[in-house]
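Inside the fold
Next come the chains, spelled out residue by residue.
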Amino acid sequence: MKPVIAITPEAITLPSRIDGRGSFCGVSYSQAIEMAGGVPLIVPLTRDRRVLDHYVDSCDGWLLTGGGDVEAKCYTPRMSAASRKKIRGADEARDEMEIYVLRRVAERDRPAFGICRGIQVMNVAFGGTLIPHVDGHHNPKPDALAHRIEWTKGGRLQKAMGGFDRVNTSHHQAVDRVARGFEVVARAPDGIIEAMEKSEARYCCAVQFHPERLVKRAPEFLDLFRDFVKACRSGR
Ligand SMILES: [Mn+2]
């Protein structure tokens, strides 16, 4: 049996639909999981904890995808009005759902992989904070290898990618204070955190770049997904 990987979607509103709000997950995420040997399962947007517990119990791993910013109140009791203005596309329901799932997944030691917003919400879920806005990390080309990263700790992600050190970048926030138990494993030349890992977990890793947009362009990014799917398979 292939491992089933739960993928968290973002909420979008389609004016053309009567029921408006719905779940969206870019096909690049599910395709990357398929290419890496997993079965993707896009979970519905819900705050129902019993439903989420069901998915936590029955899925082999979780992929936390990109999207809007995490609401400031999830990581800081007060934020200046100037910083608050920079927060874009926040969705309280998604924050609540993903933070709950990440904590449950950690209790069960199930694998979790965060991408872009995924690294940010993972950091927040375990007590870290975010920088509300950074310049120089938004490149309009989704697959442009726009900046270098420096691997700093020789961890699992570096090994999975064979030390490959160029990444795409389409984010305007970043991890600030790192959650307890996590190690920063890669930084951009300007010091921005690009990858982190929870050392004691079976697999709890996250990247600020978008490997799912590069799996067809460079094998190193597919290797990252293969390593994640392998970790999900190992728990069965
Ligand atoms: Mn970047």
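Anyway, here's the lowdown on the structure attached to this text. Only a predicted model underlies this, so the values are computations on that prediction, with no experimental measurement involved. (Residues numbered from 1 in each chain as written. Predicted model: local features only at pLDDT ≥ 70, side-chain atom pairs only at ≥ 80, totals over all residues. Heavy atoms only, no water.)

What about the coordination of the manganese ion?
Each donor-metal-donor angle would ideally measure 109.5 degrees in four-coordinate tetrahedral geometry, or 90 or 180 degrees in six-coordinate octahedral geometry. Basically, it comes down to this: Here the term donor refers to an N, O or S atom within 2.8 Å of the metal (or 3.2 Å for Na, K and Ca), and because water is left out of the atoms, sites may appear incomplete. Where helices and strands are cited, they refer to DSSP runs of H or I of at least four residues and of E of at least two residues respectively, numbered from the N terminus. Only protein chains enter the area calculation, which uses a 1.4 Å probe; residues under 20% of their type maximum are buried, those over 50% are exposed, and those in between are partly exposed.
Distances from the manganese ion to its protein donors, His137 (ND1), His147 (NE2), Thr169 (OG1), His171 (NE2) and Glu194 (OE), fall at 2.2 to 2.4 Å. Look at where the donors of the manganese ion fall in the sequence and you get H-x9-H-x21-T-x1-H-x22-E. Within this pair, whereas His137 is found in the loop between strand E7 (130-131) and strand E8 (147-148), its partner His171 is found in the loop between strand E10 (166-167) and strand E11 (174-175), the two being separated by 34 residues in sequence. An identical accessibility class is assigned to His137 and His171; each is buried.

Overview of the packing of aromatic side chains
What counts here: Only the six-membered ring of Trp is used, alongside the rings of Phe and Tyr, when aromatic pairs are assigned; centres must lie within 6.5 Å, and planes under 30 degrees apart are stacked while those over 60 apart are edge-to-face, with the rest tilted. Here, a charge over a ring is recorded when the distance from Lys NZ or Arg CZ to the ring centre is within 6 Å and its angle to the ring normal is within 35 degrees.
All chains considered together, the criterion is met by seven aromatic pairs. When the ring of Phe126 is compared with that of Phe182, the centres are 5.7 Å apart and the planes differ by 35 degrees; the resulting orientation is tilted. Here the residue Phe126 occupies a position in the loop between helix H5 (117-125) and E7, and Phe182 occupies one in strand E12 (residues 182-187), the gap between them amounting to 56 residues. Judged by relative accessible area, which is 9%, Phe182 ranks as buried. When the centroid spacing of 5.3 Å and the interplanar angle of 40 degrees are considered together, the rings of Tyr203 and Phe228 count as tilted. Here Tyr203, found in the loop between strand E13 (193-198) and strand E14 (204-207), pairs with Phe228, found in helix H7 (residues 219-233); they are 25 residues apart in sequence, far enough to count as distant. Here the aromatic residues Phe113, Tyr203, Phe225 and Phe228 are joined through ring pairs into a cluster of three or more. In this structure, Lys198 packs its charged tip against the face of Phe126, placed 4.5 Å from the ring centre.

Digging into helix H1 (residues 27-35)
We count it as follows: The directions from the helix axis to the C-beta atoms are what the arc is built from. Whether two residues touch is decided by their heavy atoms; if any such pair falls within 4.5 Å, the residues are in contact.
What H1 keeps buried is the set Tyr29, Ser30, Ala32 and Ile33. On an axial view of H1, the arc spanned by its buried residues comes to 155 degrees, and they lie on one face. For H1, the elements touching its buried residues are strand E1 (4-8), strand E4 (39-42), strand E5 (61-64), strand E6 (112-115) and H7. Within two residues after H1, Gly37 carries a phi angle of roughly 100 degrees, on the positive side.

Observations regarding the sheet that holds E5
To keep it simple, the criterion reads: Two strands are said to pair when DSSP picks up at least two bridges between them. Lines fitted to C-alpha atoms define the axes, with helix axes restricted to the stretch in contact, and inter-axis angles between N-to-C directions lie between 0 and 180 degrees.
Sheet architecture is open: eight strands sit in the order E4-E1-E5-E6-E14-E13-E12-E9, paired in mixed fashion. The sheet is open, and its two borders are formed by E4 and strand E9 (150-151), each paired with just one other strand. Inspection of the sheet shows E1 paired to E5 by four bridges, in the parallel sense. Looking at the pairing, Thr8 lines up with Leu64 of E5. Together, E1, E5, E6 and E13 form the strand contacts of helix H4 (residues 92-108), whose direction differs from that of E5 by roughly 145 degrees.

Thoughts on the pattern of salt bridges
Note the threshold: Each reported salt bridge corresponds to a side-chain nitrogen of Lys or Arg within 4 Å of a carboxyl oxygen of Asp or Glu.
Under the criterion given, the structure shown has 16 salt bridges. Among the ionic pairs, Glu107 bridges to Arg104, the shortest N-O distance being 2.9 Å. Taken as a pair, Glu107 and Arg104 lie in helix H4 at a separation of three residues, close to a single helical turn. The buried category is assigned to Arg104, whose relative accessible area is 17%. Asp223 is the salt-bridge partner of Arg226, the closest N and O atoms lying 3.2 Å from each other. On the criterion of helical spacing, the pair formed by Arg226 and Asp223 is a turn pair, its members being three residues apart in helix H7. Overall, the relative accessible area of 28% leaves Asp223 in the partly exposed class. Among the ionic contacts, a cluster of salt bridges with common partners joins Arg94, Asp95, Glu98 and Arg117.

Brief notes about the side chain of Glu194
We count it as follows: The charge count treats Lys and Arg as positive and Asp and Glu as negative. His and the chain ends do not count. Definition of a polar contact: a pair of N or O atoms within 3.5 Å, with one able to donate and the other able to accept a hydrogen when the atoms are protein atoms, and with sequence-neighbouring residues admitted only if both atoms are side-chain atoms.
Position of Glu194 relative to the elements: it lies in strand E13. Buried and without a salt bridge, Glu194 has Arg187 as its closest oppositely charged side chain, separated by 9.8 Å. At 3.3 Å, the side chain of Glu194 forms a polar contact with the side chain of His137.

Here we look at the packing of helix H2 (residues 49-58) against H4
For clarity, the cut-off: When describing relative orientation, an angle under 35 degrees is termed roughly parallel and one over 145 degrees roughly antiparallel, while 65 to 115 degrees is termed roughly perpendicular and anything else oblique. With the far helix as reference, a near helix turned anticlockwise by less than a right angle produces a left-handed crossing, and one turned clockwise produces a right-handed crossing. As a working rule, the residues Ala, Val, Leu, Ile, Met, Phe, Trp, Tyr, Cys and Pro are called nonpolar, Asp, Glu, Lys and Arg charged, and the rest polar, with Gly in that last group.
Taken N-terminus to C-terminus, the directions of H2 and H4 make an angle of 40 degrees; their axes are 10 Å apart at the nearest point. Our classification of the angle between H2 and H4 gives oblique. Remark: the crossing between H2 and H4 carries right-handed chirality. Mapping the contact onto sequence places Arg49, Leu52, Asp53, Val56 and Asp57 in H2 and Met97, Tyr100, Val101, Arg104, Val105 and Arg108 in H4. Residue composition of the contact of H2 with H4, by class: six nonpolar, no polar and five charged.

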